[in-house]
Amino acid sequence: MSVMRGATELADEKAIVAAAEAALGEIALVRAEIGKVIFGQESVVEQTLLAVLSGGHALLVGVPGLAKTKLVATLGTVLGLDNSRIQFTPDLMPSDILGSEVMDQDAAGHRSFRFVPGPIFTQLLMADEINRASPRTQSALLQAMQEYHITIAGDRKDLPQPFHVLATQNPLEQEGTYPLPEAQLDRFLMQVDVGYPELAAERQILLETTGLAETEAQPVIDAGRLQQVQGLIRQMPVGEKVVDAILALVRSARPGNGNADTDKNVAWGPGPRAGQALMLCARARALYDGRLAPSIDDVLALAEPVLQHRMALTFAARAEGMSVRDVIADLVKRAKG
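Residues numbered from 1 in each chain as written. Predicted model: local features only at pLDDT ≥ 70, side-chain atom pairs only at ≥ 80, totals over all residues. Heavy atoms only, no water.

## Observations regarding the overall build of the protein chain
No. 1: Along the protein chain, the regular secondary structure elements total 15 helices and eleven strands.
No. 2: For the protein chain, whose C-alpha radius of gyration is 22 Å, the value lies close to the compact-globule estimate of 20 Å for 337 residues.
No. 3: Dimensions of the protein chain, computed from the C-alpha atoms along their principal axes, are close to 75 × 60 × 50 Å.
No. 4: Long-range pairs, those at least 24 residues apart, make up 76% of the contacts in the protein chain between residues at least 6 apart in sequence.
No. 5: In the structure as shown, the protein chain presents an accessible area of about 16,900 Å², 53% of it carried by carbon and sulfur atoms.
No. 6: The averaged location of the 41 negative side-chain charges in the protein chain is 4 Å from the averaged location of its 31 positive side-chain charges. (Helix = DSSP H or I, 4+ residues; strand = E, 2+ residues; numbered from the N terminus. Rg over C-alpha atoms; globule rule 2.2 N^0.38 Å. Contact = heavy atoms within 4.5 Å. Areas by Shrake-Rupley, 256 points an atom, 1.4 Å probe, with all protein chains shown as cover. Lys, Arg positive; Asp, Glu negative; His and termini not counted. Charge placed at Lys NZ, Arg CZ, Asp CG, Glu CD.)

## A short note on the packing of aromatic side chains
No. 1: Taken as a whole and assessed by the stated rule, the structure comprises two aromatic pairs.
No. 2: With 5.8 Å between their ring centres and 70° between their planes, Phe115 and Phe121 make a pair best called edge-to-face.
No. 3: Take Phe115: its relative accessible area is 17%, and that puts it in the buried class.
No. 4: Where Tyr148 meets Phe163, the ring centres are 6.2 Å apart and the plane angle is 85°; that geometry is what we call edge-to-face. Note that Tyr148 is positioned in the loop between helix H5 (135–147) and strand S6 (149–152) and Phe163 in the loop between strand S7 (155–158) and strand S8 (164–169), a separation of 15 residues in sequence.
No. 5: Residue classification places Tyr148 among the partly exposed residues on the basis of a relative accessible area of 24%.
No. 6: Given a relative accessible area of 1%, Phe163 falls into the buried group. (Phe/Tyr/Trp six-rings, centres within 6.5 Å; stacked < 30°, edge-to-face > 60°. Buried < 20%, exposed > 50% of the residue type's maximum accessible area, 1.4 Å probe, protein only.)

## Brief notes about the sheet that holds S8
No. 1: Strand order across the open sheet formed by five strands is S2-S5-S8-S1-S9, with parallel pairing between neighbours. Because the sheet does not close on itself, it has two edges, and the strands there are strand S2 (83–87) and strand S9 (190–193). Strand-to-strand twist across the sheet, computed as the mean angle between neighbouring axes with direction ignored, equals 20°.
No. 2: Here strand S1 (residues 58–61) runs beside S9; their pairing, made up of four bridges, is parallel. Counterpart to Ala58 in the pairing with S9 is Met190.
No. 3: Contacts from helix H3 (residues 68–78) reach S1, S2, strand S5 (124–128) and S8 within the one sheet, and its direction differs from that of S5 by about 170°. (Pairing = 2+ DSSP bridges. Axes fitted to C-alpha atoms, helices over the stretch in contact; angles between N-to-C directions.)

## Considering the packing of helix H9 (residues 240–252) against helix H11 (residues 272–288)
No. 1: Contact pair H9 / H11: the axes reach a minimum separation of 10 Å and the direction vectors enclose 145°. Crossing geometry of H9 relative to H11 is assigned as right-handed. Between H9 and H11, the contacting residues are Val243, Ile246, Leu249 and Val250 on the first element and Ala274, Gly275, Leu278 and Met279 on the second.
No. 2: A breakdown of the residues in the contact of H9 with H11 according to their chemical character gives seven nonpolar, one polar and no charged. (Left-handed = near helix turned anticlockwise from the far one by under 90°. Nonpolar A, V, L, I, M, F, W, Y, C, P; charged D, E, K, R; others polar.)

## Quick word on the nonpolar core
No. 1: Counting residues in each nonpolar core, the largest one holds 69 residues, and the members touching the most others are Ile34, Leu79, Leu287 and Leu307.
No. 2: Per-element tally for this core: the top contributor is H11, with nine residues. (Core = buried A, V, L, I, M, F, W, Y, C linked by side-chain atoms within 4.5 Å.)

## With respect to H5
No. 1: Taking 1.5 Å per residue, 13 residues should reach 18 Å; H5 reaches 19 Å between its end C-alpha atoms and fits that length.
No. 2: Where H5 is concerned, the buried positions are Thr137, Gln138, Ala140, Leu141, Ala144 and Met145. Down the axis, H5 shows its buried residues gathered within 145° of arc, on one side only.
No. 3: If you follow the buried residues of H5, they end up packed against helix H4 (94–98), S5, S6, S8 and helix H6 (182–185). (Expected span 1.5 Å × (residues − 1). Arc of directions from axis to C-beta.)

Here is the structure:
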């Protein structure tokens, strides 16, 4: 029995390695195709793609004009996903997102209700300036992001698979906005900060996007293949040292766990969902870089995008000019020893 079990495990390992090697080539093609349209912003592209490969959602935070919308549209094309966009405004209602029931009347005069799906029934949803909608409308997304279905008039409506939300947020113009509640922020696998491009990338943007024609991205994979890669990522082995590093990092970011600086500066820290996000994203980052197993370096590299929207500082820390990023950078430094 042990010999047969060993042979079966060996065969499974070989199958996973073969599938991973095939996925490596496809991910490289995806990166190259995105690079034809999005210039520079390598870390932004990487983190956003990691969130999708991990099967989760991402919050893109940056000032206007940094190609956040273009990145989402390009991802939809390259990954072969149906995509739609919702421009969030204060007067947006939940039915504008989810859909609504309308009354139909046939030739005989019989009346019945028919459900008209909203734009959320897609595989890649861009929620543009998500913090401009009211809490009531934002809450309409909450069930969809976590449960992958919605409830209309008591009936469950399953969303297409895979389903991903890539939301954007402007960090500067906050007048008339509604900050996302902590429960909804926690549903985002990562917060991706979008900064200004480097000089060389900005030069390329000027040259490539102001002519008669612009380069367009082409599909590389489809939704079915993306789901296979997402399943493969969940099968990738994670060493005990990596698991311990994830637990140590997440727990060190919570008050009351023996870290004096955290106790002083952090009002509340990340929950177990942060550890789950680090596990998935570390595996995805390893595959993204052409490796078959994640390392502690993957965990530390993902600490900021995974943790920063799951923590809040005390009033005293904010008064001293400290930011969540400063706290995470210190935790990562301590983890490196």
